[in-house]
Amino acid sequence: MARRRWRTRRRHDADELNITAFMNLMVILVPFLLITAVFSRMSILELNLPAPSAETVEQDEPEFQLEVVVRQNAIEVGERSAGLLRRFEAEGGEYDLDGLADYLLDVKRRFPEKLDATLLLEPDVQYELIVAVMDRVRAVERFDDGADRVVTAELFPEISIGDAPIVAVN
Amino acid sequence: MKRHHERRKRGAALNLVSLMDIFTILVFFLLVSSGEVESLPNPRDVRLPESTADTPSRETVIVLVTADEVLVQGQPVARVADVLADDEIVIPALEAALEAQAARVIRPEIAEDSATREVTIMGDKALPYRLLKKIMATCTEADYGRVSLAVLQKVSDAQVAAVGP
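None of these values were measured; they are calculated from a predicted model. (Residues numbered from 1 in each chain as written. Chains lettered and ligands numbered in written order. Predicted model: local features only at pLDDT ≥ 70, side-chain atom pairs only at ≥ 80, totals over all residues.)

A few words on the overall build of chain A. When you go through chain A residue by residue, the secondary structure sums to 4 helices and 8 strands. The secondary structure elements of chain A, listed N-terminal to C-terminal, are α-α-β-β-β-β-α-β-α-β-β-β. Residue burial in chain A is summarised as follows: out of 170 residues, 20% are buried. In chain A, the share of contacts with a sequence separation of at least 24, taken over all contacts with a separation of at least 6, comes to 57%. (Helix = DSSP H or I, 4+ residues; strand = E, 2+ residues; numbered from the N terminus. Buried ≥ 20, exposed ≤ 12 C-beta atoms within 10 Å, placed from the backbone. Contact = placed C-beta atoms within 7 Å.)

Now the structure itself:
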């Protein structure tokens, strides 16, 4: 009998739970957190810039120096001493970035130890395109059917930036 | 009649259970997502380029380049039109502002070593390289050894293809 009375009393209490204070807290917290919430994540691209005082070191052995030149009408992949390796024409302002990624993967296969690349740009190239090209030079992402997931392959993550050589007008 | 009244009085207690559920879940979700500290400001008038880079941002000096102004830590230092009109590669006003930021560093041993001094450039995606080059040259001139570009993280095409069909 006593037990039964206790039970009914407890149920009665549960009905009367005072949640007003909790509700107040929630009503304040939710808008506050919504305002401060960040929905777009930002990240950074690290550059490999030389210090202004750094002297150019003459190398005894000519090393393979990959250069990607971004021009108004094309993207050129070259080597510092050997010259142009491949040229990707931009048709109607559309750059062939996928072609560039494929070719750079090919270069990486030939020079697996190579980590740095130089990005040479014309003065009027847009920042957006610079970042897009840097993405392609930095790493390549491929869907691997065997593993059934996206694999990221590092290409040339140490990117330096410089001015594009001026083309001689024929 | 009396009984009817009593029933109405009891019914006045709103059923808040589902609302409470939603609020509780929302609060926990937002608390967790706000736990990731974002060290970069969220500028309204700068459209950052998108990239697949996933290096998290660090607490650094920020150079914000909008379509018409250059700001260091939120303080306007130069106008983009003036910078582009000038043939000089280094922007004197920006260099002075960066030097002043370096002088404000609490630990002087960091300020001495240029290799550890960092700057993040947040630029609008429509900026020409000509302007970016001047800003980067000024940063290295002001002894900032590490320059980074702020980008919006995007999901790469390969990942989209993997999730898609």
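Next comes the rest of the account.
Now for the nonpolar core. Residues and elements named next belong to chain A. With 59 residues, the main nonpolar core has Val68, Leu119 and Val137 as its most contacted residues. For this core, the element with the most residues is helix α4 (residues 127–138), which contributes 7 residues. Here Leu119 is in contact with Val68, Val70, Val133, Met134, Val137, Ile159, Ser160 and Ile161, once residues within four sequence places are set aside. (Core = buried A, V, L, I, M, F, W, Y, C linked by C-beta atoms within 7 Å.)

Facing the 47 residues of chain B at the interface are 38 residues of chain A. Broken down by secondary-structure element, the contributors of at least two residues to the side of chain B that touches chain A are α2 (17–35), β2 (55–56), β6 (118–123), α6 (129–141), β7 (146–153) and α7 (157–163) of chain B. Considering each element in turn, the side of chain B that touches chain A owes the most residues, 8 residues, to α2(B). For the side of chain B that touches chain A, the per-class residue count stands at 25 nonpolar, 16 polar and 6 charged. Inspection of the sheet shows strand β1 (residues 42–46) of chain A paired to β2(B) by 2 bridges, in the antiparallel sense. Within β2(B), the residue paired with Ser43(A) across the bridge is Pro56(B). (Nonpolar A, V, L, I, M, F, W, Y, C, P; charged D, E, K, R; others polar. Pairing = 2+ DSSP bridges.)

Mapped onto the elements of the fold, Ala53(B) is located in the loop between β1 (50–51) and β2. Overall, the presence of 24 C-beta atoms within 10 Å leaves Ala53(B) in the buried class. Note: C-alpha distance between Ala53(B) and Gln101(B) (48 residues apart in sequence) is 27 Å. Here Ala53(B) is in contact with Ser43(A), Ile44(A), Leu45(A) and Val151(B), once residues within four sequence places are set aside.

Right, let's talk about helix α2 (residues 20–36) of chain A for a bit. In this model α2(A) runs 25 Å from its N-terminal to its C-terminal C-alpha over 17 residues, within 8% of the 24 Å that 1.5 Å per residue would give. Counting buried residues in α2(A) gives 0 out of 17 residues, a small share hidden from the surface. (Expected span 1.5 Å × (residues − 1).)

All names here are of chain B. Interaxial distance between helix α4 (residues 92–103) and α6 falls to 9 Å at its minimum, and their mutual angle equals 40 degrees. Classified by the interaxial angle, the pair formed by α4 and α6 is oblique. Classified by chirality, the crossing of α6 by α4 is right-handed. Touching Leu94, Glu95 and Leu98 of α4 are Ile135, Thr138, Cys139 and Glu141, all from α6. For the contact of α4 with α6, the residue count by class is 4 nonpolar, 1 polar and 2 charged. (Axes fitted to C-alpha atoms, helices over the stretch in contact; angles between N-to-C directions. Parallel < 35°, antiparallel > 145°, perpendicular 65-115°, else oblique. Left-handed = near helix turned anticlockwise from the far one by under 90°.)

Let us look at the pairing of strand β5 (residues 116–121) of chain A. Residues and elements named next belong to chain A. Of the two faces of β5, only one is covered, namely that formed by Ala117, Leu119 and Leu121; the face formed by Asp116, Thr118 and Leu120 stays uncovered. Of the pairings in the sheet, the one linking strand β2 (residues 66–70) to β5 comprises 4 bridges and is parallel in character. In the strand pairing of β5, Val68 is matched with Leu119. Of the strand pairs in this sheet, β5 and strand β8 (residues 158–163) are connected by 6 bridges, and their pairing is parallel.

On to unusual backbone geometry, then. All names here are of chain B. Non-glycine residue Gln73 carries a positive phi angle of around 50 degrees. The residue Asp143 is not glycine, and still its phi comes out positive at about 65 degrees. Overall, the presence of 19 C-beta atoms within 10 Å leaves Asp143 in the partly exposed class.

Moving on: the environment of Ser34(B). Residue and element names in this part refer to chain B. With respect to the helices, strands and loops of the structure, Ser34 is situated in helix α2. Ser34 sits in the partly exposed class, given 15 other C-beta atoms within 10 Å. Between the C-alpha atom of Ser34 and that of Ala53, which follows or precedes it by 19 residues, the distance is 21 Å.

Function cannot be read off these values alone, since they describe shape.
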